[in-house]
Structure formats: C-alpha cells, structure tokens
Amino acid sequence: MAKICICGGGNLGHVVAGFVAAQGKHEVCIMTQRPERWNRELMIDTPDGKVMTGHISCISNRPEDVIPHSDIILLCLPGYAIADCLRSILKSLECTLNLPYVGSVVSSTGFFFEAMKILPSTIPLFGFQRVPFISRVIEYGHRARLKGYKDSLNLAVEHAEHPERLRDLLADLLQTPIQLLSSYYEASLSNSNPLLHPSRLYDLWSDWHEGITYARVPLFYEEWTEEAAQLYIDMDNELQALLTQLPVRKGSIATVLDYYESTDAASLARKLRSIEAFKGIPAPMKRFPSRETVGGDELFVPDFQSRYFTEDFPYGLAIIHRLLQEHRIDAPHIEKVYQWGLSLTHHM
C-alpha cells in the first residue's frame, strides 16, 4: 500500500484524491488550507453516471501532519501556488524516512523549474504533461464530478533511479496507461492550456477596454471560432520551432492539429466545439456591478481573476515566451497574445 498526499483542494485535488481513495488500495491524505470544510468520505460522480466514494485518511493544513509519512506527494495547484507549497513542505521532507516522490498533476505552469530551485537535488521529481481528468467541484470538500478521462498520459521523471517503478505505480493509481518522457521540457512546454486558453481569450476580448460590457456569456468551447483556432495553430507552430532548439524528442509534443485529429482551422474549431467533456463551460466572465442594463438584462465583463488569466498568462505562456526570447526565435503570434495578457495585469 502506497501513501499518497494530495496538496491542493481545487477541482483536480478533489477528483484525484477521491478517485485514488475509492480504489481502496492506497492511503490518501489531503493538505489544504481549509481542512475543516472537508468530509472524510469524498464522493466522485463519473461520466457513466456512477458515484465513487473514497475514504480520506488525513486532512490537514500542516505539512508535518502529512508529508513525513508520504511515499508520493502530488501537487494539484495553480502555478502561483507551487513555489509557496514547495517551500512549506521543505522542512517536513527532511523528516521523511525514505525520500518521497514530489510531483505535479500538470507541469506547464512551472513545476519543474520551481522544484529544481527550491528542493534538494536528491528529491525525485515527476510531472504530467496534461492533467489526467477534466474535473469540477460540486460541493467543496464533499463531492466533485469527473467529467472526462484521458486515454493515456505522458510523464516526466527527474532525479529518480528507477522512473519505471513510479510510472507503473501512478498508472495503477490513475487507472490509465502512462508513457515516460525523455526530458522535463517535454512535460513543461505544453500546447494545451498555455496556448489553448489564451488564443480563445484573445479572440473573445482583444478589443476590450474599460467601459465595454456584454449582454451574454458565451460558451468557451462550444462557440469556438475559426479565428481562435487559426491563432491557436499559429501559436503552436511557434512553440514547435522552439522545441527544435531544446533537448526534446521530435514529435514528443504533438502539434495541436495532430492531437485534435484536425487538418486546418475549420476542422479544429469543429473538433473543439464537439468535445463532450468541454460542453457547458462558460467563458470566464462576471456580472457588471453597474445598474445599467440592456432591455432589462444583466451585463457582463471579462473576469480577470479567473485562472484562465491568472495562471495561463503569467505562468504557462510566460515560460514559453521566456524560452523563445532566450533562443532568439521570432514568434509574433505568441508575442502579440502575451503582451495583450500583460496589458491586463492591473485588472488581475
């Protein structure tokens, strides 16, 4: 039996903890800032209409309660919280009998770069290229929805003598086949959220400024446009140019057209509009606090506190932008979208 500590109480933290615990093979603990709001029995609604229930062994906001006993520490956190979490567990890591694996549920928001700066080089690290599940909280600390699975996962492992052992254990935990990547760059430089979300946000609101309001909230994926799809493709082409200058295997990060089995912007837009797990997700907007209305309807503005803005620009896209500059690769589409995102920082 392995002892797993999930750090973070967001959508993915709920679903990963509940999914693993429900198998009954391993001991699962959760480190969260709000332990008092959690139930020891965590329910997960699955896409086939079933409900899984997992028992959580320990729930705490104190690293010393959960870290020293863990075999695997899995961060399910946004980019801005990763460094603080790693610093908070550092002292407790020194108290472990056997060095645990420390990893992140997704690597594109800087996990490996932060972990290599903060943790001792003796700590084995791992990170997924893409998240294993599409997840949503239903009732915080009690119930969440697993909206979609991945057919397979890609994993980078660093500082470990036997990465295959970790791969096999994680494949068992997540009930998903896992392939090992050859470099942490292959996990860290994703053309998923860091390019996917900004391309759509730019398409929606590149002309937004103070005073502009909207009468409705569009669906983020189900109303995906060809313009957003073309921008996504163009940004991905620039990322692919960067990959040729880094220690990654050719094809290790599939192009967006290959990944989504598309041939051009029109087919990519159709594909993104059709993905079942993406349906019903609104664009990140909030009600405009003014009393002004259009025909009595509410007004909306972009929600710059959404993780689409607070994570994908300053962490995901920022890493890609920095490496493009370091390698002096011309990337006008990424530059345009990134600078637009930076211009909105005073709203975040």
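Residues numbered from 1 in each chain as written. Predicted model: local features only at pLDDT ≥ 70, side-chain atom pairs only at ≥ 80, totals over all residues. Heavy atoms only, no water.

What follows deals with the sheet that holds strand β3 (residues 41-45). Sheet strands pair by backbone hydrogen bonding; their relative direction is either parallel or antiparallel. Ordered in space as β4-β3-β10-β9, the four strands form an open sheet in which the pairing is mixed. Here the strands that pair on one side only, and so sit at the sheet edges, are β4 (51-55) and β9 (133-139). Mean inter-strand twist for the sheet, computed between neighbouring axes without regard to direction, equals 25°. For β9 and strand β10 (residues 143-149), the ladder comprises six bridges, and the chain directions are antiparallel. The residue bridging Arg 136 from the neighbouring strand is Arg 145, located in β10. Against the sheet, helix α1 (residues 11-22) touches β3, β4, β9 and β10, its axis set at about 100° to β9. (Pairing = 2+ DSSP bridges. Helix = DSSP H or I, 4+ residues; strand = E, 2+ residues; numbered from the N terminus. Axes fitted to C-alpha atoms, helices over the stretch in contact; angles between N-to-C directions. Contact = heavy atoms within 4.5 Å.)

What follows is about the packing of helix α8 (residues 226-243) against helix α12 (residues 312-326). Following both chains from N to C, one finds α8 and α12 inclined at 55°, their axes separated by 10 Å at the closest point. Classified by the interaxial angle, the pair formed by α8 and α12 is oblique. Every pair of crossing elements has a handedness; the one defined by α8 and α12 is left-handed. Contact with α8, carried on its side by Met 235, Glu 238, Leu 239 and Leu 242, involves Leu 317, Ile 320, Leu 323 and Leu 324 of α12 and no other residues of that element. (Parallel < 35°, antiparallel > 145°, perpendicular 65-115°, else oblique. Left-handed = near helix turned anticlockwise from the far one by under 90°.)

Following the sequence through the fold, Ser 262 ends up in the loop between α9 (256-259) and α10 (265-274). The exposure class assigned to Ser 262 is buried, which follows from its relative accessible area of 10%. In this structure the side chain of Ser 262 is engaged in a polar contact, spanning 3.0 Å, whose partner is the backbone oxygen of Tyr 260. If we skip the residues at most four places from it in the chain, Ser 262 touches Leu 257, Ser 267, Leu 268 and Lys 271. (Buried < 20%, exposed > 50% of the residue type's maximum accessible area, 1.4 Å probe, protein only. Polar contact = N/O pair within 3.5 Å; in protein donor to acceptor, adjacent residues only side chain to side chain.)

On to the sheet that holds strand β7 (residues 101-104). Within the open sheet, the eight strands sit side by side as β5-β2-β1-β6-β7-β8-β11-β12. Their pairing is mixed. Whereas interior strands pair on both sides, the edge strands pair on one side only; in this sheet they are β5 (58-60) and β12 (178-180). Across the sheet, the axes of successive neighbouring strands diverge by a mean angle of 20°, strand direction being ignored. This element, helix α3 (residues 79-93), spans β1 (3-7), β2 (27-31), β6 (72-75) and β7 of the sheet and lies at about 160° to β6. Along the sheet face, helix α5 (residues 163-174) touches β1, β6, β7, β8 (125-128), β11 (153-158) and β12 and points at about 160° away from the line of β12.

Residues Leu 75, Leu 86, Val 102, Leu 189, Trp 205 and Trp 224 are the most contacted members of the largest nonpolar core, which totals 86 residues. Considering every element that reaches this core, the biggest residue donor is α8, with nine residues. The residues contacting Trp 224, other than those within four sequence positions of it, are Leu 196, Ser 199, Arg 200, Ala 229, Tyr 232, Ala 269, Leu 272 and Arg 273. Grouped together as the second largest cluster of nonpolar side chains are 38 residues, Val 105, Val 106, Tyr 140 and Leu 170 included. (Core = buried A, V, L, I, M, F, W, Y, C linked by side-chain atoms within 4.5 Å.)

By themselves these figures say nothing about function.
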